Amino acid sequence: MPELPETETIARDLDALLRGAVIVNVAVARPDVLREITARALTKRLRGASVQRCWRRAKLVVIDLSTGDRIVVQPRFTGALLVETPAAANEARDYTAVELTLDDGRTLRYRDVRRLGTVALMNRARFDAYTMALGPEPLDPAFSPTHLSALLRGSAQSVKKVLMDQRRVAGIGNIYANEALWRARIDPSREGRAIREPEIAALHTAIVTVLTEAIAARGTTFRDFRDAYGGRGGFAERLAVYGRGGEACPRCESRLVETHAIDGRATVMCVRCQS
């Protein structure tokens, strides 16, 4: 599933490519991806609207329109937002769910193989209500070690599960939780309340640095993630632990252990380095 670095990459690409573009037509091939709106209503409200800004909140890609509406896309596992030129018009449109035609002939296409992602149209009040339950952004300056300490304090859940709880901190998923905990030398299964203050400071640094580095590398692609140009992210080759169960730890060369004991998700760790 695209996490913060991947959705941030998509949003930045779209902002550079789409600002000022006018939507002249809407085609909905797979209406089951729509949320809170019908295909007919989506078409009516989008036609003639211009793109003001594209940005990210948590794992959502948000497109602000001149009408005050916001297109809100959650790509989930196989969703992609692709900006394509007229020259690509004859290419295969397999798995296209929603396609917007722009005034310069380009298209913005939402493609989703498994159709687990969603596309919604919300006014700003509805968007605020929809995102109210989300936690702070981990790259926001307000997300400090003190704030992270408050999130962990009193929690009997595993520290990894706390990091992945979008109500506590937004945008961190399985890939980067694994990576940050390895960098901070913390066992992912430890209770949040058991993490000491020096470890919290190290964890905060690890979260910020791994997310920043992944954004610079345009995210992580194993199979499905694509940026708005159709390109792959480059961070996979820099992952220290995620997807590397059974390999040597990059730090101490012990064998990395993979388990699904924490919330049923793949956790990879070094039992020597992480305590």
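Right above here is the structure, for reference.
Scoring rules and cut-offs
Residues numbered from 1 in each chain as written. Predicted model: local features only at pLDDT ≥ 70, side-chain atom pairs only at ≥ 80, totals over all residues. Heavy atoms only, no water. Pairing = 2+ DSSP bridges. Helix = DSSP H or I, 4+ residues; strand = E, 2+ residues; numbered from the N terminus. Axes fitted to C-alpha atoms, helices over the stretch in contact; angles between N-to-C directions. Contact = heavy atoms within 4.5 Å. Salt bridge = Lys/Arg side-chain N within 4 Å of Asp/Glu carboxyl O. Disulfide = S-S within 2.5 Å. Buried < 20%, exposed > 50% of the residue type's maximum accessible area, 1.4 Å probe, protein only. Parallel < 35°, antiparallel > 145°, perpendicular 65-115°, else oblique. Left-handed = near helix turned anticlockwise from the far one by under 90°. Nonpolar A, V, L, I, M, F, W, Y, C, P; charged D, E, K, R; others polar. Lys, Arg positive; Asp, Glu negative; His and termini not counted. Polar contact = N/O pair within 3.5 Å; in protein donor to acceptor, adjacent residues only side chain to side chain.

Asks: What's the story with the sheet that holds strand β6 (residues 79-84) in this structure? I'm lost.
Replies: Sheets are built from strands paired through backbone hydrogen bonds, the pairs being either parallel or antiparallel. Strand order in the open sheet formed by four strands is β1-β7-β8-β6, and the pairing between neighbours is antiparallel. Lying at the two open borders of the sheet, with one neighbouring strand each, are β1 (23-28) and β6. Strand-to-strand twist of the sheet, defined as the mean angle between neighbouring strand axes without regard to direction, takes the value 15°. Where β6 and strand β8 (residues 107-112) come together, six bridges link them in antiparallel fashion. Across the sheet, the residue bridging to Leu 82 is Arg 109, located in β8. Across the sheet, helix α1 (residues 4-18) touches β6, β7 (96-102) and β8, and the angle it forms with β6 is around 25°. This element, helix α2 (residues 39-46), spans β1 and β7 of the sheet and lies at about 170° to β1.

Asks: For this particular structure, what's the right way to read the pattern of salt bridges?
Replies: Here the idea is simple: oppositely charged side chains can pair when their charged atoms come close. Within the structure shown, the criterion is met by 24 salt bridges. Linking Glu 199 and Arg 196 is a salt bridge whose minimum nitrogen-to-oxygen distance equals 3.2 Å. A cluster of three or more residues bridged by salt bridges with shared partners is formed by Glu 8, Arg 12, Arg 56, Arg 57 and Glu 137.

Asks: Would you mind going over the state of the cysteines with me for this structure?
Replies: Here a disulfide denotes a covalent bond joining the sulfur atom of one cysteine to the sulfur atom of another. All told, the structure shown has zero disulfides when counted by the stated rule. Here Cys 270 stays unpaired: no disulfide links it, and the sulfur of Cys 252, its closest cysteine neighbor, is 3.5 Å away. Judged by its relative accessible area of 0%, Cys 270 is buried. Looking at the unpaired Cys 273, the closest cysteine sulfur is the one in Cys 252, lying at 3.5 Å. Accessibility expressed as a relative area gives 9% for Cys 273, which makes it buried.

Asks: Help me understand the sheet that holds strand β5 (residues 69-74), please; the structure alone is not making it clear to me.
Replies: Pairing in this open sheet of five strands is mixed, and the strands run β2-β9-β5-β4-β3 from one edge to the other. The open sheet terminates on both sides in strands that have one partner only, identified here as β2 (34-35) and β3 (51-57). Pairing of β3 with strand β4 (residues 60-65) involves six bridges; the strand directions are antiparallel. Following the sheet pairing, Val 51 is matched in β4 by Leu 65. Each of β3 and β4 is contacted by α1, which is oriented at about 170° to β3, the strand it contacts most.

Asks: Explain the packing of helix α6 (residues 174-183) against helix α7 (residues 197-216) here, please?
Replies: In a packed pair of helices, the relevant descriptors are the angle between the two axes and the axis-to-axis distance. As a packed pair, α6 and α7 sit with axes 8 Å apart at the nearest point and diverge in direction by 130°. If you check the angle between α6 and α7, you find them oblique. Here α6 runs over α7; the crossing is right-handed. Packed against α6, whose contacting residues are Tyr 176, Glu 179, Ala 180, Leu 181 and Arg 183, the element α7 presents Leu 203, Ala 206, Ile 207, Thr 209, Val 210, Leu 211, Glu 213 and Ala 214 at the interface. Split by residue class, the contact of α6 with α7 holds nine nonpolar, one polar and three charged.

Asks: What's the story with the environment of Arg 255 in this structure? I'm lost.
Replies: Along the chain, Arg 255 falls in the loop between α7 and β10 (257-259). Along the backbone, Arg 255 and Phe 235 are 20 residues apart, and their C-alpha atoms lie at a distance of 22 Å. Excluding anything up to four places from it in sequence, Arg 255 contacts Gly 246 and Glu 247.

Asks: Where do I start with the side chain of Asp 187 in this structure?
Replies: Structurally, the position occupied by Asp 187 is in the loop between α6 and α7. One buried charged residue, Asp 187, forms no salt bridge at all, with the nearest opposite charge on Arg 190 at 6.6 Å. Here Ser 189 takes part through its side chain, which lies 2.8 Å from a polar atom of the side chain of Asp 187. If we ignore the near neighbours within four places in the chain, the residues touching Asp 187 are Val 159, Met 269, Gln 274 and Ser 275.

Asks: Looking at this structure, I do not really get the packing of helix α4 (residues 145-152) against α7. What am I missing?
Replies: Closest axis-to-axis distance for the α4/α7 pair is 9 Å, and the angle between their directions is 115°. The angle between α4 and α7 falls in the class roughly perpendicular. Here α4 and α7 pass one another in a crossing that is right-handed. Listed contacts from α7 to Pro 145, Leu 148, Ser 149 and Leu 152 of α4 are Glu 197, Ile 200, Ala 201, Leu 203, His 204 and Ile 207. Looking at side-chain class alone, the contact of α4 with α7 contains seven nonpolar, two polar and one charged residues.

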